[in-house]
Amino acid sequence: DVNKLLLYPLTKLVVTRDIILKDDYGFCGRIYAQWKNIHETLNQAVDYAKTHGIVYDLIIRSRWDLRIKLKKMFEVIDISCEQDKLVVTRHGCRGPSDQMFMGPPRLMIDVCSMVNHYYEYLDTKFARRTKNRKPPTAKGKLKTLFPCQSEKLLKFHIENVTDWSKDVIYQKKWFIGF
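Values in this document were obtained by computation on a predicted structure and should not be read as measured data. Numbers given to residues run from 1 along each chain, matching the order in which its sequence is written. Since the coordinates come from a predicted model, pLDDT governs what is reported: local features require at least 70, and pairs of side-chain atoms require 80 or more to be given and counted, while whole-chain, interface and lining totals use all residues. Heavy atoms from the whole structure form the basis of all side-chain values; hydrogens and water molecules are not counted.

1. Considering helix α6 (residues 149–161)
Reasoning step 1: Secondary structure elements are taken from DSSP: a helix is a run of H or I of four residues or more, a strand is a run of E of two residues or more, and numbering for both begins at the N terminus. One less than the number of residues in a helix, times 1.5 Å, gives the span that helix is expected to have. Its 13 residues give α6 an end-to-end C-alpha distance of 18 Å, which sits within 8% of 18 Å, the value for a rise of 1.5 Å per residue.
Reasoning step 2: The set of residues buried in α6 consists of Gln149, Ser150, Glu151, Leu153, Leu154, His157 and Ile158. Burial status follows relative accessibility: with a 1.4 Å probe on protein chains alone, a residue under 20% of its type maximum counts as buried, one over 50% as exposed, and anything between as partly exposed.

2. Here we look at the environment of Tyr56
Reasoning step 1: Looking at the element boundaries, Tyr56 is found in the loop between α1 (30–52) and β1 (59–62).
Reasoning step 2: In this structure, the C-alpha to C-alpha distance between Tyr56 and Pro105, residues 49 residues apart in sequence, is 6.8 Å.
Reasoning step 3: In this structure Tyr56 touches Ala45, Tyr48, Ala49 and Pro105, once residues within four positions along its chain are discounted.
Reasoning step 4: Within the structure, the side chain of Tyr56 is placed 3.3 Å from the backbone oxygen of Ala45, a separation counted as a polar contact. Throughout, a residue-residue contact means that at least one pair of heavy atoms, one from each residue, lies within 4.5 Å. Here a polar contact is taken to be a pair of N or O atoms separated by no more than 3.5 Å, where protein atoms must pair a possible hydrogen donor with a possible acceptor and residues adjacent in sequence count only if both atoms sit in side chains.

3. Brief notes about the pattern of salt bridges
Reasoning step 1: Definition used for salt bridges: Asp or Glu carboxyl oxygen within 4 Å of a side-chain nitrogen of Lys or Arg. All chains considered together, the criterion is met by three salt bridges.
Reasoning step 2: Salt-bridge contacts for Arg106 lead to Asp84; the nearest nitrogen and oxygen are separated by 2.7 Å. With Arg106 in helix α3 (residues 105–112) and Asp84 in the loop between α2 (70–83) and β2 (86–90), this pair connects stretches of sequence that are 22 residues apart.
Reasoning step 3: A relative accessible area of 41% places Arg106 in the partly exposed class.

4. Focus: the packing of aromatic side chains
The relation between two aromatic rings is expressed through the spacing of the ring centres and the mutual angle of the planes.
Reasoning step 1: By convention, a stacked pair of Phe, Tyr or Trp rings (six-membered ring in the case of Trp) has centres within 6.5 Å and planes under 30 degrees apart, an edge-to-face pair has planes over 60 apart, and any other such pair is tilted. Enumeration over the complete set of coordinates arrives at five aromatic pairs.
Reasoning step 2: A ring pair is formed by Tyr32 and Tyr118, whose centres lie 5.1 Å apart and whose planes are at 65°; its orientation type is edge-to-face. One end of the pair, Tyr32, is in helix α1; the other, Tyr118, is in helix α4 (residues 118–122), with 86 residues separating them in the sequence. By the burial criterion, Tyr32 is buried, and Tyr118 matches it.
Reasoning step 3: Here Trp35 and Phe101 contribute two aromatic rings whose centre-to-centre distance is 6.1 Å and whose plane-to-plane angle is 15°, an arrangement assigned as stacked. Placement of the pair is Trp35 in helix α1 and Phe101 in strand β3 (residues 96–103), with a sequence separation of 66 residues. Each member of the pair, Trp35 as well as Phe101, is classed as buried.

5. Some thoughts on the sheet that holds β3
Reasoning step 1: By definition, two strands form a pair when at least two bridges between them are found by DSSP. With respect to topology, four strands assemble into an open sheet ordered β1-β3-β2-β6, the strand pairing being mixed. Since the sheet does not close on itself, it has two edges, and those belong to β1 and β6 (168–171), each with one partner. Within this sheet the neighbouring strands show an average axis-to-axis angle of 25°, counted without direction.
Reasoning step 2: Inspection of the sheet shows β2 paired to β3 by three bridges, in the antiparallel sense. Along β3, the bridge assignment pairs Arg90 with Pro96. Every axis in this analysis is a line fitted to C-alpha atoms, fitted for helices over the stretch in contact. Angles between the N-to-C directions lie between 0 and 180 degrees.

6. Considering a nonpolar patch on the surface
Reasoning step 1: Each patch is built from residues lacking any salt bridge and having more than 30% relative accessible area; the joining distance is 9 Å for like charges and 5 Å for nonpolar side chains (Val, Leu, Ile, Met, Phe, Trp, Tyr). Values of accessible area rely on a 1.4 Å probe in the Shrake-Rupley scheme; residue burial ignores everything except the protein chains shown. On the surface, a cluster of nonpolar side chains totalling about 280 Å² of accessible area is made up of Ile68, Leu70 and Phe74.
Reasoning step 2: Along the polypeptide, Ile68 turns up in the loop between β1 and α2.
Reasoning step 3: A relative accessible area of 33% places Ile68 in the partly exposed class.

7. Re the nonpolar core
Reasoning step 1: Side-chain atoms within 4.5 Å are what join buried Ala, Val, Leu, Ile, Met, Phe, Trp, Tyr and Cys residues into a set we call a nonpolar core. Ranked by size, the top nonpolar core spans 27 residues in total, and within it Trp35, Leu86 and Phe101 carry the most contacts.
Reasoning step 2: Looking at this core, the elements with two or more residues in it are α1, β2, α3, α4 and α6.
Reasoning step 3: When residues in this core are grouped by element, the largest group, six residues, is from α1.
Reasoning step 4: With residues near it in sequence (within four places) discarded, Phe101 still touches Trp35, Ile59, Ile60, Arg61, Leu86, Val87, Val88, Met108, Val111, Cys112, Leu154 and Trp174.

8. Looking at α3
Reasoning step 1: Inspection of α3 places Leu107, Met108, Val111 and Cys112 among the buried residues, and these make up the whole buried set. Take α3 and look down its axis: the buried residues cluster within an arc of 120°, on one side only.
Reasoning step 2: Buried residues along α3 sit in contact with α1, β1, β2, β3, α6 and α7 (164–167). Working definition: the arc comes from the directions between the helix axis and the C-beta atoms, pointing outward to the latter.

Put into structure tokens, the structure is as follows:
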């Protein structure tokens, strides 16, 4: 019921206007900015829920420009809710996709906190081999530190912050693309 939304006024909604062009290593800042915004949005939702006595069964992170297969997404929602697990789509890099994932609040809070460990993870063994590279440009645009950077960081984070073997389910995409 859309009218119920009026019961919960959005008086503390914060819209971030900061643009992070470069990360601290001089590479394209879009990956860091993406995770910073995901984390801040989740924090707003959690604060809002506490203030208004709302209990979320499930939180979904999704890009707004994806064409969602509703029947498939509803199946995935059922899986996540019934099994109390984080459900992540597979990415071409053989890890989780950062485009859309969902799960119970406790797991989503853990996963979306990746931004708090962003530079720590870039200094880990899996990323260290590319850290000393000069920021490459393509037609004047900064590139990310390494291919599939967001997905590889997400996989590393999920495996280190959750008991991923029992808390995470990988699914085929429930969206078409953009």
